[in-house]
Amino acid sequence: QKEVEQDPGPLSVPEGAIVSLNCTYSNSAFQYFMWYRQYSRKGPELLMYTYSSGNKEDGRFTAQVDKSSKYISLFIRDSQPSDSATYLCAMTAGDGGSQGNLIFGKGTKLSVKP
Amino acid sequence: DTGVSQNPRHKITKRGQNVTFRCDPISEHNRLYWYRQTLGQGPEFLTYFQNEAQLEKSRLLSDRFSAERPKGSFSTLEIQRTEQGDSAMYLCASSSQATQYFGPGTRLLVL
């Protein structure tokens, strides 16, 4: 079992739809949770960062962490064609140091159709 | 631009050649990470620097790979005697806390 599981998709939705992206993980030591967006042939771009359990909202994006279920989600409201990209979840046990290495999911490829 | 920069952006080489990549982190960040990403996969950790000290290396980092960060600023990643299996995107990230900011990557193709 991989430490972080993420459905690779692809996921195709119409413009304006609400998108739900999810990851599960097995390591209970993970405390920091991130979502990155990666356009084709580009580096990952940090979208959301959450520490421990709870919700965080930033514009059209909402990140949720449920540590009891080892489950994290990213919701995108009013999705736009420009949101078409691969979304990577990432997590780490520590704030830097040897525990700061990010463990990534495989990424979910999202396509938003106009 | 104050983000992470990487050079070159693309590199094509023949099997057996040596290649070197450079990463310039965000200036105030003391932590620097190298990752490797293959098609359809998320990035995988290779090595980590705190200032100039290399503190951790992944088992993915064979003895053909070496990384340096001589003055605690930019870093280089060298691959000796490249193999076709080294073809990947090599990503650099820097941080001062838990969040890591990535550069655009160097895409390596070994023929």
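The shown structure was predicted, so the numbers you read here are calculated from the model rather than taken from an experiment.

## Remarks on the overall build of chain B
Phase 1: A count of helical and extended segments in chain B gives zero helices and eleven strands.
Phase 2: Counting from the amino terminus, helix and strand elements in chain B follow one another as β-β-β-β-β-β-β-β-β-β-β.
Phase 3: Judged by the C-alpha coordinates and their principal axes, chain B covers about 35 × 25 × 25 Å.
Phase 4: Expressed as a percentage of the 111 residues in chain B, the buried residues total 47%.
Phase 5: A sequence separation of at least 24 residues applies to 52% of the contacts in chain B between residues at least 6 apart.
Phase 6: When the accessible surface of chain B is split by element, carbon and sulfur atoms take 44% of a total near 5,600 Å².

## What about the packing of aromatic side chains?
Between two aromatic rings, the relevant description is the distance of the centres plus the angle of the planes.
Phase 1: Under the defined criterion, the tally for this structure stands at 14 aromatic pairs over all chains.
Phase 2: Ring plane angle 40 degrees and centroid distance 5.4 Å describe the contact between Phe-21 of chain B and Tyr-90 of chain B, whose orientation is recorded as tilted. Taken together, the positions of Phe-21 of chain B in strand 3 (residues 19-24) and Tyr-90 of chain B in strand 9 (residues 88-95) put the pair 69 residues apart, joining distant regions of the chain. Considered together, Phe-21 of chain B and Tyr-90 of chain B belong to a single accessibility category, that of buried residues.
Phase 3: Members of the aromatic cluster, connected to one another through ring pairs, are Tyr-36 and Phe-104 of chain A together with Tyr-33, Tyr-35, Phe-45, Tyr-48 and Phe-102 of chain B.
Phase 4: Above the ring of Phe-74 of chain B, the side-chain terminus of Arg-22 of chain B is found at 3.9 Å from the ring centroid.

## Some details on the interface of chain B and chain A
Phase 1: With 23 residues of chain B at the interface, the matching set in chain A holds 21 residues.
Phase 2: For the pair chain B and chain A, the summed buried surface comes to about 1,800 Å²; carbon and sulfur atoms form 53% of the total.
Phase 3: Counting across the interface, chain B meets chain A through zero salt bridges.
Phase 4: Inspection of the chain B/chain A interface yields four residue pairs in polar contact (both at pLDDT 80 or more).
Phase 5: Contributions of two or more residues to the side of chain B that touches chain A are made by strand 4 (31-37), strand 5 (44-50), strand 9 and strand 10 (101-102) of chain B.
Phase 6: Tallying contributions element by element places strand 4 of chain B first for the side of chain B that touches chain A, with four residues.
Phase 7: Grouping the amino acids of the side of chain B that touches chain A by side-chain chemistry returns eleven nonpolar, eight polar and four charged.

## Topic: the sheet that holds strand 8 (residues 75-79) of chain B
Residues and elements named next belong to chain B.
Phase 1: Pairing within the open sheet is antiparallel, and its four strands lie in the order 1-3-8-7. The open sheet has two free edges, formed respectively by strand 1 (5-7) and strand 7 (65-68), since each of these has just one partner strand. Neighbour to neighbour, the strand axes of the sheet diverge by 15 degrees on average, direction disregarded.

## With respect to the state of the cysteines
Residue and element names in this part refer to chain A.
Phase 1: Under the criterion given, the structure shown has two disulfides over all chains.
Phase 2: Disulfide partner of Cys-23: Cys-89, at an S-S distance of 2.0 Å. Torsion about the S-S bond of the Cys-23 and Cys-89 cystine: about -100 degrees, corresponding to left-handed handedness. On the criterion of sequence distance, the pair formed by Cys-23 in strand 3 (residues 19-25) and Cys-89 in strand 9 (residues 85-92) is long-range, its members being 66 residues apart.

About the thresholds
- Residues numbered from 1 in each chain as written.
- Chains lettered and ligands numbered in written order.
- Predicted model: local features only at pLDDT ≥ 70, side-chain atom pairs only at ≥ 80, totals over all residues.
- Heavy atoms only, no water.
- Helix = DSSP H or I, 4+ residues; strand = E, 2+ residues; numbered from the N terminus.
- Buried < 20%, exposed > 50% of the residue type's maximum accessible area, 1.4 Å probe, protein only.
- Contact = heavy atoms within 4.5 Å.
- Areas by Shrake-Rupley, 256 points an atom, 1.4 Å probe, with all protein chains shown as cover.
- Phe/Tyr/Trp six-rings, centres within 6.5 Å; stacked < 30°, edge-to-face > 60°.
- Lys NZ or Arg CZ within 6 Å of the ring centre and 35° of its normal.
- Buried area = accessible area lost by both parts, 1.4 Å probe.
- Salt bridge = Lys/Arg side-chain N within 4 Å of Asp/Glu carboxyl O.
- Polar contact = N/O pair within 3.5 Å; in protein donor to acceptor, adjacent residues only side chain to side chain.
- Nonpolar A, V, L, I, M, F, W, Y, C, P; charged D, E, K, R; others polar.
- Pairing = 2+ DSSP bridges.
- Axes fitted to C-alpha atoms, helices over the stretch in contact; angles between N-to-C directions.
- Disulfide = S-S within 2.5 Å.

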